[in-house]
Amino acid sequence: MDMRGKTVLITGSTDGVGRYVATELAKQGAQVLIHGRDTARAKTLIDQIGAKGHAAPTFYQADLSSLAGARQLADAVSADHNKLDVFVSNAGIGSQNPGPQRQESADGNELRFAVNYLSGFLLVYLLLPLIKAAAPSRIVNVASLGQHPIDFDDVMITKNYSGSRAYAQSKLSQIMFTIDLANELKGFGITVNSLHPATYMNTTMVRAGGITPMSTVEQGGDAILHLVEGDDIANKSGLFFNGMNEMRANAQAYDEAARKRLRALSLKLTGLPS
Ligand SMILES: NC(=O)c1ccc[n+]([C@@H]2O[C@H](COP(=O)([O-])OP(=O)(O)OC[C@H]3O[C@@H](n4cnc5c(N)ncnc54)[C@H](OP(=O)(O)O)[C@@H]3O)[C@@H](O)[C@H]2O)c1
């Protein structure tokens, strides 16, 4: 896809792999909407991109640890734009940041489920009018190979909590949503895919986990860019990729009843109409 003039929103693009993807898309002439919590980090990125002679991105500040934050972001983007060619749901926290213990979002949901999955779910539906207006358009969910099945009797992991289980549950939730949404959007000219960008890239969340990085941000970023603009996947939807290659996700992703339960719960938690 020729990215010139395309409007792209990347959540969590003030740091890590999102920052790389934003920079590359700005280089290609896209109108890039960056998002994060930190104004200073956003300014540095805007200045770096502007200094190279590319159109400076627009920064949207929102904390996705509350559903009100996701609504605020969608409202701000919708006020400024009437179409969104690509939405990359990338913002996330790892298994150890901020702290390995169980935490809750402003809405009382388990924090990793809230930030990594539920806010992205809400954002997609709030931004859907803009995404539909830009069709053919794309949604990319940045998930992970770390996937843990959802225990529907304890989605908020009040028992046997670990940061890695919570992270992996949130990432499988994104993949289940991807499959579900791709089915829902058939015929609208919108594709939805998810991916594991790369294993242990050198980013804040990996360093916070005390893990020695194994991949570069560029490797993972290029895998995200493949789903954002690759011509070979223009008509592919509902898939999970490991880097550049299509891969099968955890079995629960293909369990229609489980996806239906997750959707019903997500609609209830976000207050969206069913
Ligand atoms: N790193 C890896 O090896 C790896 C592997 C598989 C999948 N992934 C996935 O890749 C994505 C990006 O990860 P990364 O490694 O680039 O992480 P990172 O460097 O830690 O960056 C995370 C980004 O998300 C934003 N963010 C975090 N919490 C937020 C919140 N409550 N509200 C709004 N924004 C928030 C951060 O914004 P601030 O600047 O405001 O903190 C930052 O821009 C994540 O979804 C992650 O699960 C990463």
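Scroll up to find the structure.
Residues numbered from 1 in each chain as written. Predicted model: local features only at pLDDT ≥ 70, side-chain atom pairs only at ≥ 80, totals over all residues. Heavy atoms only, no water.

### Quick word on the overall build of the protein
Definition in use: Helix and strand assignments come from DSSP, with helices taken as H or I runs of at least 4 residues and strands as E runs of at least 2, each series counted from the N terminus. For this measure, only C-alpha atoms enter the radius of gyration; the expected value for a globule follows 2.2 Å times N^0.38, where N is the number of residues. Only protein chains enter the area calculation, which uses a 1.4 Å probe; residues under 20% of their type maximum are buried, those over 50% are exposed, and those in between are partly exposed. By definition, residues are in contact when any of their heavy atoms lie within 4.5 Å. Each accessible area is a Shrake-Rupley result for a 1.4 Å probe, and residues are judged covered by the shown protein chains and nothing else. Residues counted as positive are Lys and Arg, residues counted as negative are Asp and Glu, and His and the chain ends are not counted. All charge positions are set by atom: Lys at NZ, Arg at CZ, Asp at CG, Glu at CD.
Secondary structure summary: the protein contains eight helices and eight strands in total. Since a compact globule built from 274 residues should have a radius of gyration of about 19 Å, the 17 Å found for the protein is in line with a globular shape. Viewed in the frame of its principal axes, the protein has a C-alpha envelope of about 50 × 45 × 35 Å. When burial is assessed residue by residue, the protein has 55% of its 274 residues classed as buried. Residue pairs at least 24 apart in sequence account for 72% of intrachain contacts in the protein once pairs closer than 6 positions are excluded. Of the roughly 11300 Å² of accessible surface on the protein, 50% is carried by carbon and sulfur atoms. Charge-centre separation for the protein: the mean point of 26 positive side chains lies 1 Å from the mean point of 25 negative side chains.

### Side note on helix α3 (residues 67-80)
To keep things clear, this is the line we draw: Multiplying 1.5 Å by the helix residue count minus one yields the expected span of that helix. The reported arc concerns the directions from the helix axis to the C-beta atoms and nothing else.
With 14 residues, α3 extends 20 Å between its outermost C-alpha atoms, agreeing within 8% with the 20 Å of an ideal straight helix rising 1.5 Å per residue. Along α3, the residues classified as buried are L67, G69, A70, L73, A74 and V77. All buried residues of α3 fall inside an arc of 160° around its axis, so they share one side. The exposed set on the far side of α3, more than 90 degrees from its buried face, consists of A68, D75 and A79. The elements touched by buried residues of α3 are β1 (7-10), β2 (31-36), β3 (58-61), α4 (111-133) and α8 (256-270).

### Some thoughts on the site of the ligand
Under the convention used in this document: Any residue with a heavy atom lying within 4 Å of a molecule or strand is counted as near it. Pairs of N or O atoms within 3.5 Å make up the polar contacts considered here, provided that, within protein, one atom can donate a hydrogen while the other can accept it, and that residues adjacent in sequence are counted only when both atoms are side-chain atoms. Here a cavity denotes grid points, spaced 1 Å and computed from the protein atoms alone, that fit a 1.4 Å probe unable to get out, and a pocket denotes an open set having protein on both sides within 12 Å along at least 5 of 7 lines; residues with an atom within 4 Å of a point are the lining. Assignment to a cavity or pocket requires that more than half of a molecule's atoms be within 2 Å of the site's grid points. Residues are sorted three ways: Asp, Glu, Lys and Arg are charged, Ala, Val, Leu, Ile, Met, Phe, Trp, Tyr, Cys and Pro are nonpolar, and all the rest, Gly among them, are polar.
Around the ligand sit 33 residues, and of these T14, R37, Y167, M201 and T203 come closest. A distance of 2.6 Å separates an oxygen atom of the ligand from a polar side-chain atom of T14. Expressed as a share of its isolated accessible area of 890 Å², the protein-covered part of the ligand is 96%. A molecule is said to occupy a pocket when more than half its atoms come within 2 Å of that pocket's grid points, and by this definition the ligand occupies the largest pocket. Secondary structure elements with two or more residues in the shell around the ligand: α1 (16-27), β2, α5 (163-184) and α6 (204-208). Considering every element that reaches the shell around the ligand, the biggest residue donor is α6, with three residues. For the shell around the ligand, a count of residues per class yields 14 nonpolar, 13 polar and six charged.

### A short note on the pattern of salt bridges
Basically, it comes down to this: Any carboxyl oxygen of Asp or Glu that lies within 4 Å of a side-chain nitrogen of Lys or Arg is treated as forming a salt bridge with it.
For the structure on display, the rule yields 10 salt bridges. For R263, the salt bridge identified is with D180, shortest N-O distance 2.6 Å. Within this pair, whereas R263 is found in helix α8, its partner D180 is found in helix α5, the two being separated by 83 residues in sequence. Salt bridges sharing common partners tie together D180, E184, R259 and R263.

### Let's talk about the packing of aromatic side chains
For clarity, the cut-off: Each Phe, Tyr or Trp ring (for Trp, its six-membered ring) is paired with any other whose centre lies within 6.5 Å, and the angle between the two planes then decides the class: stacked below 30 degrees, edge-to-face above 60, tilted in between. The rule is short: NZ of Lys or CZ of Arg within 6 Å of the ring centre and within 35 degrees of the ring normal puts a charge over the ring.
The full count for this structure, using the stated rule, is six aromatic pairs. The interplanar angle of 50° and the centroid separation of 5.1 Å between the aromatic rings of F113 and Y117 together place this pair among those described as tilted. Here Y117 and F113 lie together in helix α4, a separation of four residues that amounts to about one turn. According to the relative accessible area criterion, F113 is buried, its value standing at 0%. The exposure class assigned to Y117 is buried, which follows from its relative accessible area of 2%. Look at Y125 and F177: their rings are 6.0 Å apart centre to centre, the planes differ by 50°, and that puts the pair in the tilted class. Here the residue Y125 occupies a position in helix α4, and F177 occupies one in helix α5, the gap between them amounting to 52 residues. With respect to burial, Y125 and F177 carry one shared label: buried. Among the aromatic residues, ring-to-ring pairing joins F113, Y117, F121, Y125 and F177 into one connected group. Seen from the ring of F188, K132 lies directly overhead, with NZ or CZ sitting 4.3 Å from the centre. The positively charged end of R248 is found above the aromatic ring belonging to Y254, 3.9 Å away from the centroid.

Take it as geometry only, folks, not as evidence of what the structure does.
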